[in-house]
Amino acid sequence: MKETVKELVVQTVSKCTADGAAYMAVLREKDGKRILPVLMERSDAFLLLMRMKGVKSDALPSSMADIMRAAFVQCSMTIEEVRIAAVEGGVTYCHVLYSQEGAFHMIRYCKASDCLILAYTFGCSVTISEALLERQYMREVGDGMYSIPVNSVNIEALKEALQRAVEEENYELASQLRDEIERRK
């Protein structure tokens, strides 16, 4: 049985920690309403935003995506698709599907922030299996507030949330966050 695949588009990129060290790319289902968060570092977020705004590569410092594009063109290879494959410990991983001389190949478990930049650089689609999207999408809990799966949050954000929960005397949440932090050690 063939798995159902959904196409995603990057809707926005925004800061998600007070110090600005971590950012979140917000991907929306192309023909739907579900939203998938992807954490990324500041430098990756900046480069992705520039690609989204259409800033030409020669106006920016060369990135790994630019280097890969040059190498792929010289070797007659094309990136066909970036497939989100897993989310573990706050890191989203992708497979990069590419073709060369009619044969299809895959590079497995690459960091999603790199792959999103690749997708914009190569002009290819970003996809995810229906089952993974269903497990990982952000659920609206009311008044514009969203809940995201704990495995999509990095350890720094968990520690920050733990500190806030203790300050707000929300000990049940603090206990759950503490347990998740301990589980990742």
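1. Remarks on the side chain of Arg83
Looking at the element boundaries, Arg83 is found in strand 4 (residues 77-88). Apart from the residues lying within four places of it in its own chain, the contact partners of Arg83 are Glu3, Val5, Tyr93, Cys94, His95, Leu97, Thr127, Ile128 and Ser129.

2. Some words on the pattern of salt bridges
The tally for this structure, following the rule as stated, stands at 13 salt bridges. When the shortest N-O distance is used, the salt bridge between Glu29 and Arg34 registers 2.7 Å. Among the residues examined, Glu29 registers a relative accessible area of 7% and is labelled buried. Overlapping salt bridges, with partners in common, bring together Lys6, Glu29, Arg34, Glu130, Glu134 and Arg139 in one network.

3. Quick notes on the pairing of strand 6 (residues 103-111)
Sheet topology note: the strand 5 (residues 91-100)/strand 6 ladder contains 7 bridges and is antiparallel. Paired with Tyr93 across the two strands is Lys111, which belongs to strand 6. Hairpin connection, strand 5 to strand 6: the antiparallel pair is bridged by 2 residues, and Glu101 has positive phi, about 50 degrees.

Conventions used here
Residues numbered from 1 in each chain as written. Predicted model: local features only at pLDDT ≥ 70, side-chain atom pairs only at ≥ 80, totals over all residues. Heavy atoms only, no water. Helix = DSSP H or I, 4+ residues; strand = E, 2+ residues; numbered from the N terminus. Contact = heavy atoms within 4.5 Å. Salt bridge = Lys/Arg side-chain N within 4 Å of Asp/Glu carboxyl O. Buried < 20%, exposed > 50% of the residue type's maximum accessible area, 1.4 Å probe, protein only. Pairing = 2+ DSSP bridges.

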